[in-house]
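Listed here are the chains, written in short residue letters.
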Amino acid sequence: MAYSALLSLSHVLENTLHHDDRYLIHDEKQQTPFLLEKVRILLDFLDNYSQKSIKAIESLGIKAIEGLESRITDAAYKTEDIIESHIRRRVFEESKHQKEKNFFSILQDELKEIDAIIKEIDPIKKKVNNMEDETDVRNLHPRTSSLVASSKSARNLESIMVGLDDNMMKIKDQLTGGPSNLRTVSIVGMGGIGKTTLARKVYEDEFILSHFQIRAWVTVSQDYNMKEIFLSLLDSMGKPTNQNREKTTEELKRLFRENLMGRRFLIVMDDVWDTKVWDHVKRLFSNNNDESRIMMTTREENVARKANSCSPHRMSFLTEEESWSLFCANVFGKDRCPRELKPIGKKIVQNCRGLPLAIVVIAGLLSKATRTVHHWTNVGENLSSVIASNDEQCLKILSLSYKNLPHHLKGCFLYFGIFQEDSDINVSTLFKLWVAEGFIKSAENKTLEDMAEESLLDLVDRNLILVSEWSSKGKIKTCMIHDLLRDLCVKEAQREKFFHITDSNLHGMPNGISLRRLILPRDVDHPTRKLPPFLLRSLLNFGRYVPVKLLTGMLVRVLDAGHITHYPTEMAGLVNLQYLAFSYDNGRLPASVYKLRYLQTLILYDTTVPVSLTPELWTMTRLRHLQLGEMILPDPPKAENSVIVLENLQTLSTVIKFRCTEEILERVPNLKKLGICLEDVGLEYFYLKNLDHLHQLESLKFLFLVSMPSFLDNIIFPSSLKKLTLDGSCFKW
């Protein structure tokens, strides 16, 4: 995960320069900006020079850069470890230690490696910049074997399909009805959902066959080649490939166009990933008002939006009834499912979550296996691993979407693997974690949470993430990931050393710099094994206990500590924490929490008593989200010189007796979400008419502990407000 590692390192360097510069010694302050610039060069390379370009360059004779991303990742991690461990020691001991070595003197090997990588990518960048069109480069290395692999594998896996009748009728109506001008119809959905199968059934339908005078089919795939595309199109039109292979791409284009002239045509472009291929092909289609049509299948919403003349047809998962029919047809053919196998069979099908690819793969396995309750039960209990181990093609089909992601989305997508199977993921929490992990790149005039939302919407558009629930504000509230895609996340994450899911005894943990994120299962129970020092950055807990004492001296940024009866003294040393969540019912935060200089998010679960905060909270300028159940927030201390403003604070919930005085509100000018608990002290105490000073406020919640009939007469809402919740108001509407 080179991009995530580099982005994390860039955040560390920026924080060091802007917030920890007093801890820099010797000439570290002068050297750090130069290192940051080199990191940005590598980030720019990954952002703007696609993997396809690198492959194309290698085909021209440039030496292949083996393990480039792995080398970048290792160098970034090692550099980050050394810098953060030195700064942490100086912060914790509150001394610069002038006799201590300059950490750049220890970074010599890592700096040399970074310089070497920059030198190696320089010729690649120059070659790519000199290319007017990447497609021309691809044409230098034609391929024939993989062009139609996607559709063939899909047909083999989904030879028997159900639940397509309604979809077929809609697509056929779009292809044969409507205006006479040339139109494009797109079929969109995640990998394995049956797009190609639907397109093939429509393509081979008798009515479609008689309606169009000429048809052609091409499977484009990710690593497309324009010459091969036209050869395939001509071949499907009855123009043998062998006779045309010696022709140039331009000659093939002319021949293809000539064959379409004066004829009502249907062209199917299957498995399109890139808008560029559409840009190259669309100019060849004449609009002769003869009801000609183009049908396209894609996983990418942006491709469909660019090409479509009408609304894209979005594939949905199969219903339970359709899933069962598909399963039985592939396992038993025309026979019935034996009565004793039906309950476990239904459970297996239910766990496929309506994905045709998963159903067909598991049905293919069971059709050849012993038909006993014991065997089927064993398969059902290990469904995901059985599918992955028995059908490599299934995983390949799904992994194509991951491989096609831009670098800045790969870490965000893999992170979904940390959540439990079948869980609805709270998007607000997800964004907080992404930001704290350092996955999100800042942009001018946008918050990090805004950028996180754009990343999630991009993953939804690519049909990798499913929306579970929309909020009242029209935004995604919860989301989920299909079990097979989650398994893909876990496999890729472990392969790329992105995170590690351990067992209850912390066994099987990798050594060295690869252990950056550790996920604890539900059944973890007081393990005694020590964790490697300085390496771990995230520890997430889905159980009731987290071994906080094992974290002494670490550089952890993200910590979900589960349920703790008392705040461990060891946590005072975790000075790099950016996200801290735990279940705590003490009523008062330890003083050490206020010294967490990088803390962005503080969440307390299951509190039954209000949390009394101290005035030190107003010095925590990095805070973005404060969610403590019910809290008592003191007024900020009166400033002798300059006023400290919590400019980053967006969430404050829920505050008992929060006084909205101008002096307090000017300290939290960018609040977006505010919760206030109203007690019987008189409405004038709360200064609610000042709320219109919060120009960024979008969500406002009031918890009424007493009836306040004149409430609405004593408040002015900001114009930015999108959601208002009145809990316990007893108003008569």
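So, how was this worked out
- Residues numbered from 1 in each chain as written.
- Predicted model: local features only at pLDDT ≥ 70, side-chain atom pairs only at ≥ 80, totals over all residues.
- Heavy atoms only, no water.
- Helix = DSSP H or I, 4+ residues; strand = E, 2+ residues; numbered from the N terminus.
- Buried < 20%, exposed > 50% of the residue type's maximum accessible area, 1.4 Å probe, protein only.
- Contact = heavy atoms within 4.5 Å.
- Areas by Shrake-Rupley, 256 points an atom, 1.4 Å probe, with all protein chains shown as cover.
- Phe/Tyr/Trp six-rings, centres within 6.5 Å; stacked < 30°, edge-to-face > 60°.
- Lys NZ or Arg CZ within 6 Å of the ring centre and 35° of its normal.
- Lys, Arg positive; Asp, Glu negative; His and termini not counted.
- Salt bridge = Lys/Arg side-chain N within 4 Å of Asp/Glu carboxyl O.
- Pairing = 2+ DSSP bridges.
- Axes fitted to C-alpha atoms, helices over the stretch in contact; angles between N-to-C directions.
- Parallel < 35°, antiparallel > 145°, perpendicular 65-115°, else oblique.
- Left-handed = near helix turned anticlockwise from the far one by under 90°.
- Nonpolar A, V, L, I, M, F, W, Y, C, P; charged D, E, K, R; others polar.
- Expected span 1.5 Å × (residues − 1).
- pLDDT = per-residue confidence, 0-100.
- Bend = angle between axes of the 7 residues up to and from the residue.
- Polar contact = N/O pair within 3.5 Å; in protein donor to acceptor, adjacent residues only side chain to side chain.
- Disulfide = S-S within 2.5 Å.

Chemist: For the overall build of the protein, give the residues involved together with the corresponding values.
Modeler: Summing up its helical and strand segments, the protein has 27 helices and 20 strands in all. Across the 733 residues in the protein, those meeting the buried criterion constitute 56%. Sequence-distant contacts in the protein: of pairs separated by 6 or more residues, those separated by 24 or more amount to 62%. Accessible area for the protein stands at about 32,800 Å²; split by element, carbon and sulfur atoms hold 48% of it.

Chemist: Residues and numbers for the packing of aromatic side chains, please.
Modeler: For the coordinates displayed, the defined rule picks out 19 aromatic pairs. Between Phe256 and Phe285, the aromatic rings sit 6.0 Å apart at their centres with planes inclined by 75 degrees, giving edge-to-face as the arrangement. One end of the pair, Phe256, is in helix α14 (residues 249-260); the other, Phe285, is in the loop between α15 (275-281) and β4 (293-298), and 29 residues separate them in sequence. Under the relative-accessibility criterion, Phe256 is labelled buried at 0%. Residue classification places Phe285 among the buried residues on the basis of a relative accessible area of 7%. Measuring from ring centre to ring centre gives 6.4 Å for Phe702 and Phe704, while their planes differ by 50 degrees; the resulting arrangement is tilted. The buried category is assigned to Phe704, whose relative accessible area is 6%. Each member of the aromatic cluster is reached from another via a ring pair, and the members are Phe230, Phe256, Phe265, Trp278 and Phe285. The positively charged end of Arg516 is found above the aromatic ring belonging to Tyr77, 4.0 Å away from the centroid. A cation over an aromatic ring shows up here: Arg659 above the ring of Tyr685, its NZ or CZ 5.3 Å from the ring centre.

Chemist: Summarise the side chain of Glu110; cite the residues concerned and give the values.
Modeler: Within the secondary structure layout, Glu110 lies in helix α6 (residues 108-129). Despite its burial, Glu110 pairs with no opposite charge, the nearest such side chain being Lys78 at 5.0 Å.

Chemist: Could you give me a rundown of the sheet that holds strand β7 (residues 466-470), with the residues and numbers involved?
Modeler: Spatial strand order, β6-β8-β7: three strands in an open sheet with antiparallel pairing. What marks the edges here is a single partner per strand, and that holds for β6 (425-426) and β7. In this structure, β7 lies alongside strand β8 (residues 476-480), joined through four bridges in antiparallel fashion. When the bridges of β8 are listed, Glu469 appears paired with Thr478.

Chemist: Requested: an account of the packing of helix α2 (residues 28-48) against α6, with residues and values cited.
Modeler: Between α2 and α6, the least distance of the axes is 11 Å, while the angle of their chain directions is 40 degrees. When the interaxial angle is binned, α2 and α6 end up oblique. Here α2 runs over α6; the crossing is left-handed. Here Leu35, Lys38, Ile41, Leu42, Asp44 and Phe45 of α2 come into contact with α6, specifically with Leu111, Ile114, Asp115, Ile117, Ile118, Ile121, Ile124 and Lys125. For the contact of α2 with α6, the per-class residue count stands at 10 nonpolar, no polar and four charged.

Chemist: Lay out the environment of Arg537 with the relevant residues and their values.
Modeler: By the secondary structure assignment, Arg537 is in the loop between β10 (517-520) and β11 (538-541). For the pair Arg537 and Leu518, spaced 19 residues apart in sequence, the C-alpha to C-alpha distance is 8.4 Å. If near-sequence neighbours (up to four positions away) are discounted, Arg537 is found in contact with Glu80, Asp81, Glu84, Arg516, Leu555, Val556, Arg557 and Val558.

Chemist: Tell me what's going on with the sheet that holds strand β2 (residues 214-219), and back it up with residues and numbers.
Modeler: Taken in spatial order, the five strands make up an open sheet running β2-β3-β4-β1-β5, and their pairing is parallel. The open sheet has two edge strands, β2 and β5 (313-314), and neither has a second partner. For strand β3 (residues 265-272) and β4, the ladder comprises five bridges, and the chain directions are parallel. The residue of β4 that forms the bridge with Val268 is Met295.

Chemist: Account for helix α1 (residues 2-18), with residues named and values stated.
Modeler: Across its 17 residues, α1 extends 24 Å between first and last C-alpha, which sits within 8% of the 24 Å expected from 1.5 Å per residue. Summarising burial for α1: 14 of the 17 residues are buried, a large majority.

Chemist: Outline unusual backbone geometry, supporting the account with residue identities and numerical values.
Modeler: Among all residues except glycine, the phi angle is most often negative; among peptide bonds, the trans geometry is most common. Following Ser653, the chain continues to Thr654 via a peptide bond in cis, the omega torsion being -5 degrees. As for its position among the elements, Thr654 is in strand β17 (residues 651-656). The backbone of Glu291 shows a phi angle near 65 degrees, a positive value even though the residue is not glycine. By secondary structure assignment, the location of Glu291 is in the loop between α15 and β4.

Chemist: Break down the pattern of salt bridges for me, with residues and values.
Modeler: One side chain can pair with another of opposite charge once the charged atoms of both are near each other. For the structure shown, the criterion picks out 40 salt bridges. In this structure, the salt-bridge partner of Asp205 is Lys172, at a minimum N-O distance of 3.2 Å. Taken as a pair, Asp205 in the loop between α10 (195-203) and α11 (206-211) and Lys172 in helix α9 (residues 165-176) lie far apart in primary sequence, 33 residues in all. Of the two residues, Asp205 and Lys172, neither departs from the other in class, the shared state being buried.

Chemist: Account for the confidence of the model for the protein, with residues named and values stated.
Modeler: For the protein, per-residue confidence averages 83 on the pLDDT scale, and 86% of positions sit at 70 or higher. Element-level mean pLDDT values for the protein span from 37 in helix α8 (residues 149-157) up to 96 in helix α24 (residues 427-437). Under a pLDDT of 50 for its full length, residues 132-159 has, in the predicted model, 62 contacts with residues more than four places off or in other chains.

Chemist: Hey, could you go over α6 for me, with residue numbers and the actual values?
Modeler: Its 22 residues give α6 an end-to-end C-alpha distance of 31 Å, which sits within 8% of 32 Å, the value for a rise of 1.5 Å per residue. Residue Ile121 marks the point of greatest curvature in α6, where the axis turns by about 25 degrees; the proline Pro123 follows within four residues. Those residues of α6 lying buried are Glu110, Leu111, Ile114, Ile117, Ile118, Ile121, Ile124, Lys125 and Val128.

Chemist: Got a sec to walk through the side chain of Arg462? Specific residues and values, please.
Modeler: One can find Arg462 in the loop between α25 (448-461) and β7. Looking at Arg462, its side chain comes within polar contact range of the side chain of Asp458, at 2.9 Å. The residues contacting Arg462, other than those within four sequence positions of it, are Arg299, Glu300, Asn404, Leu405, Pro406 and Leu409.

Chemist: Go over the state of the cysteines with me, naming the residues and quoting the values.
Modeler: Summed over all chains, the structure comprises zero disulfides. Of all cysteine sulfurs in the structure, the one in Cys337 sits closest to Cys328, which takes part in no disulfide; the separation is 5.2 Å.

Chemist: Quick one: what's the story with the environment of Ser538, residue by residue and with numbers?
Modeler: Within the fold, Ser538 resides in strand β11. Put simply, Ser538 and Glu437 are 101 residues apart on the chain and 7.8 Å apart in space, counted from C-alpha to C-alpha. Not counting the four nearest positions on each side in its chain, Ser538 is found in contact with Glu437, Arg516, Arg517, Leu518 and Val558. One polar contact links Ser538 to Glu437, side chain to side chain, over a distance of 2.6 Å.

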